[in-house]
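Each chain, letter by letter, is given below.
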Amino acid sequence: MSIAEKEKKVVTLAFGCQMSERDADTLTEISSQQGYTPSQDLAEADLIIINTCCVRESAENKILGKIGELKRLKEHNPNLKIAVSGCMVQQPGALERLRKRAPHVDIWAGTHNIHEFKRLLEEAEQKGKVAEVWDKPKETHESVPLAEKGKLKAFVNISYGCDNFCTYCIVPHVRGRERSREPEEIINEIKELVKSGCREVTLLGQNVNSYGQDLERTYDFADLLQAVDEIEGLWRIRFTTSHPKDLSDKLIETIAKGEHICEHIHLPFQAGSNEILRRMNRKYTREYYLSRIARIQELIPGVSLTTDIIVGFPGETEEDFEQTLELVRQVRYSQAFTFMYSKRSGTPAAQMPDQIPLDIKKHRLQRLIEVQNSQSLAWRQAMVGKTYEILVEGPSKANPNRLTGRTRGNELVVFPGEDSLIGHLVQVKIEDANSYTLFGTCEEDKFLKEC
Ligand code: SAM
Ligand code: SF4
């Protein structure tokens, strides 16, 4: 291969939620179709794509730092193209500010036009810099290529956007109103994935369990889960994120009955005090949330529950915060994602009085993490001595001589084993645990399924 024909490389970096990761995969796939080979090495890249997040200020600062670092690479390789896409770019009025701050970026795209990336890339290659951010989505991205093909585990979007308008959250402002994909499109996509070797899908939406409310027919998330459960060759179904207000009995019963639907529900509660929940516009009370948890635990014994929690929302008193700690102790989550409230301009909470000082927010976060860590440890220690079904994903990042995989409850497990187990369902006996990881041994005679 001559220098002129040198293979072009693309490196994609995703910040934020699974939705952002899924979009980043789509952008990589579009670039591959344009002749770029995916790579991890920034130094050899001809195209670097950064798919951004703006849910918290800390994420934005990290991304701006990363974009700044890339300037140096461009000085070494003037042909390098840098593309920045996603939520941060989509924020009202952000584009001009970002362009001034990072003039070395070649392509700017919002959340609503990532499926136009092929054209944007061609324009940047031929004419130079391009920036395009649509105010509104024009379609539900059905034409986006199947980025997840060939992977053991895949994300599948079932809906886009969010109608909930929690007062702290920027997502509805950058991802638009909720749009559900047609069930047939989703089922066909999953069947294609299964044909290509995929064994686990995670159905993605900002609010998966309000799926279908905007469809012309009567069809809800429980109906979709049941249809996905019937797809032959699929071993595991996960879904995220569920909103407590839309968690119907029908849905809990469907999860309980489903053969391949994993016994794991991510159910953010955000705050334990009714006054804070009201100010957050979460549309449920602490009592309602706990009644849903009780119903889940009754119908799905051993279910693994995870959650998102925000500390230091405007006006949060010590008593309000104590109610959050109390709820965490009561539910016994296997894991929690804990955040300090971050002021997002354009959201109602940013204008609320009684913003909480940073040192108090930090202290509350620390106390919450301590409580949750002890809960996570107790949850995992209770698994020691028992045997679980694990989907083997590959070598452990922390210890490449060990394999890693997840239980149906989504707990991470590390164990010794041959590479030939990767992609299989195996039985692993748990022997030790810390707050984040289980350690075990594989019972190879109880090898369950092969790809
Ligand atoms: N739609 C999902 C839901 O309602 O649970 C999750 C969306 S959001 C990307 C993920 C989490 O980020 C939220 O559950 C919330 O805990 C957190 N979050 C959102 N906005 C935040 C803010 N302004 N400050 C701190 N955390 C925030
Ligand atoms: Fe944000 Fe609330 Fe929608 Fe989740 S449900 S994306 S937190 S507005």
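For clarity, every value in this text was computed on a predicted model and none was experimentally measured.

J.: I keep staring at the site of ligand 2 and nothing clicks. Help me out?
T.: Cys162, Asn164, Phe165, Cys166, Tyr168, Cys169, Val171, Pro172, Gln206, His243 and Arg282 make up every residue found near ligand 2. Classifying every residue of the shell around ligand 2 by side-chain character gives seven nonpolar, three polar and one charged.

J.: What am I meant to see in the site of ligand 1 here?
T.: Residues in contact with ligand 1 amount to 15 residues; listed here are only the nearest, Arg56, Gln206, Gln270, Asp308 and Ser342. Here an oxygen atom of ligand 1 sits 3.0 Å away from a polar atom, N or O, in the side chain of Arg56. Measuring from a nitrogen atom of ligand 1, one finds a backbone N or O atom of Tyr168 at 3.0 Å. When ligand 1 is considered free in solution it has 560 Å² of accessible area, and contact with the protein chains removes 92% of it. Contributions of two or more residues to the shell around ligand 1 are made by β13 (304-311) and β14 (335-340).

J.: In this structure, what is going on with the sheet that holds strand β12 (residues 264-266)? I would like to understand it.
T.: Here three strands make up an open sheet; going across it, the order is β12-β13-β14 and the pairing parallel. Edge positions in the open sheet fall to β12 and β14, since each of these has one partner strand only. The average angle at which neighbouring strand axes cross in this sheet is 10 degrees, direction not considered. Here β13 runs beside β14; their pairing, made up of six bridges, is parallel. Bridge pairing in β14 places Thr306 opposite Gln335.

J.: So what exactly am I meant to see when it comes to the side chain of Thr28 here?
T.: Here Thr28 lies in helix α1 (residues 18-33). Residue classification places Thr28 among the buried positions, given a relative accessible area of 14%. At a separation of 2.8 Å, a polar atom in the side chain of Thr28 contacts the side chain of Thr12. If we skip the residues at most four places from it in the chain, Thr28 touches Val10, Thr12 and Pro38.

J.: What am I meant to see in the packing of helix α7 (residues 183-195) against helix α8 (residues 221-229) here?
T.: To characterise two packed helices, one gives the angle between the axes of the helices and the distance between these axes. Direction vectors running N to C along α7 and α8 enclose 30 degrees, while the axes themselves pass 10 Å from each other. Considering their axes alone, α7 and α8 lie roughly parallel with respect to each other. When you trace α7 past α8, the crossing you get is right-handed. Two secondary-structure elements touch here, α7 through Pro183, Ile186, Ile187 and Ile190 and α8 through Leu224, Ala227 and Val228. When the residues that make up the contact of α7 with α8 are grouped by side-chain class, the tally is seven nonpolar, no polar and no charged.

J.: Would you mind showing me how to read empty space enclosed by the protein here?
T.: Here the idea is plain: a probe the size of a water molecule rolls over the atoms and shows the empty space left. Enumeration according to the criterion identifies two cavities of 30 Å³ or more in this entry. For the second largest cavity, the calculated volume is near 30 Å³. What lines the second largest cavity is simply His264, Thr306, Ser334, Gln335, Arg380, Gly409, Asn410 and Glu411. For the lining of the second largest cavity, a count of residues per class yields no nonpolar, six polar and two charged.

J.: Just checking my understanding: could you explain the pairing of strand β10 (residues 200-204) for this structure?
T.: When a strand is regular, its side chains alternate between the sheet's two faces. Within β10, five of the five residues are buried, leaving the element largely enclosed by the surrounding structure. Judged by which residues are buried, β10 turns out to be covered on both faces: Glu200, Thr202 and Leu204 on one side and Val201 and Leu203 on the other are all buried. Summarising the sheet, β10 and strand β11 (residues 236-240) pair through five bridges and their orientation is parallel. Within the sheet, the bridge partner assigned to Val201 lies in β11 and is Ile237. Once you follow β10 into α8 and on to β11, the crossover reads as right-handed.

J.: What exactly am I supposed to notice about the pairing of strand β16 (residues 403-406) here?
T.: Of the strand pairs in this sheet, strand β15 (residues 387-395) and β16 are connected by four bridges, and their pairing is antiparallel. Following the sheet pairing, Pro395 is matched in β16 by Leu403. As paired strands, β16 and strand β17 (residues 412-415) are joined by four bridges and run antiparallel to one another. From the neighbouring strand, Thr404 faces β17, where its bridge partner is Val414. Between β16 and β17, which pair antiparallel one after the other, the connecting turn spans five residues, and Asn410 there sits at a positive phi close to 75 degrees.

Reading the values: rules and limits
- Residues numbered from 1 in each chain as written.
- Chains lettered and ligands numbered in written order.
- Predicted model: local features only at pLDDT ≥ 70, side-chain atom pairs only at ≥ 80, totals over all residues.
- Heavy atoms only, no water.
- Near = heavy atom within 4 Å.
- Nonpolar A, V, L, I, M, F, W, Y, C, P; charged D, E, K, R; others polar.
- Polar contact = N/O pair within 3.5 Å; in protein donor to acceptor, adjacent residues only side chain to side chain.
- Areas by Shrake-Rupley, 256 points an atom, 1.4 Å probe, with all protein chains shown as cover.
- Helix = DSSP H or I, 4+ residues; strand = E, 2+ residues; numbered from the N terminus.
- Pairing = 2+ DSSP bridges.
- Axes fitted to C-alpha atoms, helices over the stretch in contact; angles between N-to-C directions.
- Buried < 20%, exposed > 50% of the residue type's maximum accessible area, 1.4 Å probe, protein only.
- Contact = heavy atoms within 4.5 Å.
- Parallel < 35°, antiparallel > 145°, perpendicular 65-115°, else oblique.
- Left-handed = near helix turned anticlockwise from the far one by under 90°.
- 1 Å grid on protein atoms, 1.4 Å probe; cavity = no way out; pocket = protein on both sides within 12 Å on 5 of 7 lines; lining within 4 Å.
- Points joined across faces, edges and corners; volume = space filled by probe spheres on them.
- Right-handed = clockwise from strand over helix to strand, strands pointing away.

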